[in-house]
Amino acid sequence: MSTQSNGMVTLALSKGRIFEETLPLLAAAGIEVLEDPEKSRKLILPTNRPDVQVVLVRATDVPTYVQYGGADLGVAGKDILIEHGGQGLYQPLDLNIAKCRMSVAVREGFDYAAAVKQGSRIRVATKYTAIARQHFADKGVHVDLIKLYGSMELAPLTGLADAIVDLVSTGKTLLANHLVEVEPFMQISSRLVVNQAALKLKRDQLRPLIDAFASAIPKD
């Protein structure tokens, strides 16, 4: 049942960094999540407000839940939103949290500059196929994309791909696997996304939440 048919406001979050960094924004709106997602097995978490609940979903599913009314609003990375396409979503705020970058990485000793000369072809493994395709198209490089869902670092080491496109935060995982970050090309942070119908039907509940989030966005 769509959340739009009742008075409950449902916020979709993914576990981990986004959840933790969203908590101060919720606090600014006077909302406290009452259970720790790392300790609870529940997927729907209550808050100190009877009309607000949090649903825990995979990061890649947040835009879908919001788009189709399984949640009224959610927090998702720019990377996820680009891959999803953003249809049916109002994106009022860049929350400036969960910051990292999208980069190309290769194994140590690989001549990336030679591999991406105009008109060349390169094999790239990534979870972010839309972002990678656009990046290499902009460079005039033909790309064979291999869709992976995890352990990207293995692809260049096993010969599966020449390069990977992945999120990089500290770069330590790349270093530990003898990979080199050769081309950071997109800054990533998380956005607030809102179901467009819910924004109309629950405006009196959602607008104060959005305003409170806006007032608490961390500064660079």
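All values derive from a computational prediction rather than experimental measurement. (Residues numbered from 1 in each chain as written. Predicted model: local features only at pLDDT ≥ 70, side-chain atom pairs only at ≥ 80, totals over all residues. Heavy atoms only, no water.)

A few points about unusual backbone geometry
Inclusion rule: Only DSSP runs of H or I with at least four residues qualify as helices, and only runs of E with at least two residues qualify as strands; both kinds are numbered from the N terminus onward.
In the Ramachandran plot, S151 falls in the positive-phi region, its phi being about 50° despite a non-glycine side chain. Structurally, the position occupied by S151 is in the loop between β8 (142–147) and α6 (154–158). Look at H178: it is not a glycine, yet its phi comes out positive at around 60°. Looking at the element boundaries, H178 is found in the loop between α7 (172–176) and β10 (179–188).

So, the UniProt feature "domain: ATP phosphoribosyltransferase catalytic" (unreviewed entry) in the chain
Which entries qualify depends on this criterion: UniProt positions are given in the numbering used here, feature names are shortened, and annotations may be inferred rather than shown by experiment.
Residues annotated in UniProt with the feature "domain: ATP phosphoribosyltransferase catalytic" (unreviewed entry) correspond here to residues 58–213. Across residues 58–213, the secondary structure splits into 35% helix and 34% strand, with the terminal C-alpha atoms separated by 22 Å.

Details of the pattern of salt bridges
Condition: Counted as salt bridges are all cases of a side-chain nitrogen of Lys or Arg within 4 Å of a carboxyl oxygen of Asp or Glu. Whether a residue is buried, partly exposed or exposed follows from its accessible area with a 1.4 Å probe, protein chains only, as a fraction of its type maximum: under 20%, in between, or over 50%, in that order.
Per the counting criterion, the structure on display carries nine salt bridges. Taking the shortest distance from any N to any O, the salt bridge between D72 and K202 comes out at 3.1 Å. With a gap of 130 residues between them, D72 in the loop between α2 (62–67) and β4 (73–77) and K202 in the loop between α8 (196–201) and α9 (203–215) connect regions that are remote in the sequence. For K202, a relative accessible area of 3% corresponds to the buried category. Put simply, D211 and R207 hold a salt bridge, and the shortest N to O gap is 3.8 Å. Of the two residues, D211 and R207 are both situated in helix α9; the distance of four residues between them amounts to about one turn of the helix. Looking at R207, the relative accessible area reads 24%, which means it is partly exposed.

Remarks on helix α5 (residues 129–139)
Rule in force here: Each direction from the helix axis to a C-beta atom contributes to the arc, which is the arc of those directions.
All buried positions along α5 are accounted for by T129, I131, A132, H135 and F136. Down the axis of α5, the buried set is contained in an arc of 165°. They therefore lie on one face. Positioned one or two residues after α5, G140 has a phi angle of 75°, which is positive.

A short note on the domain arrangement of the chain
Inclusion rule: What fixes the domain bounds is an automatic or database domain assignment. Here a residue-residue contact requires only that any non-hydrogen atoms of the pair lie within 4.5 Å. By definition, the buried area sums, over both parts, the 1.4 Å-probe accessible area that each loses when the two are put together.
The domain architecture assigned to the chain consists of domain 1 (9–99 + 189–216) and domain 2 (100–187). Put simply, the middle of domain 1 and the middle of domain 2, counted by C-alpha atoms, are 30 Å apart. Between domain 1 and domain 2, the contact holds eight residues from the first and 11 residues from the second. Of the roughly 710 Å² buried between domain 1 and domain 2, counting both surfaces, carbon and sulfur atoms make up 55%.

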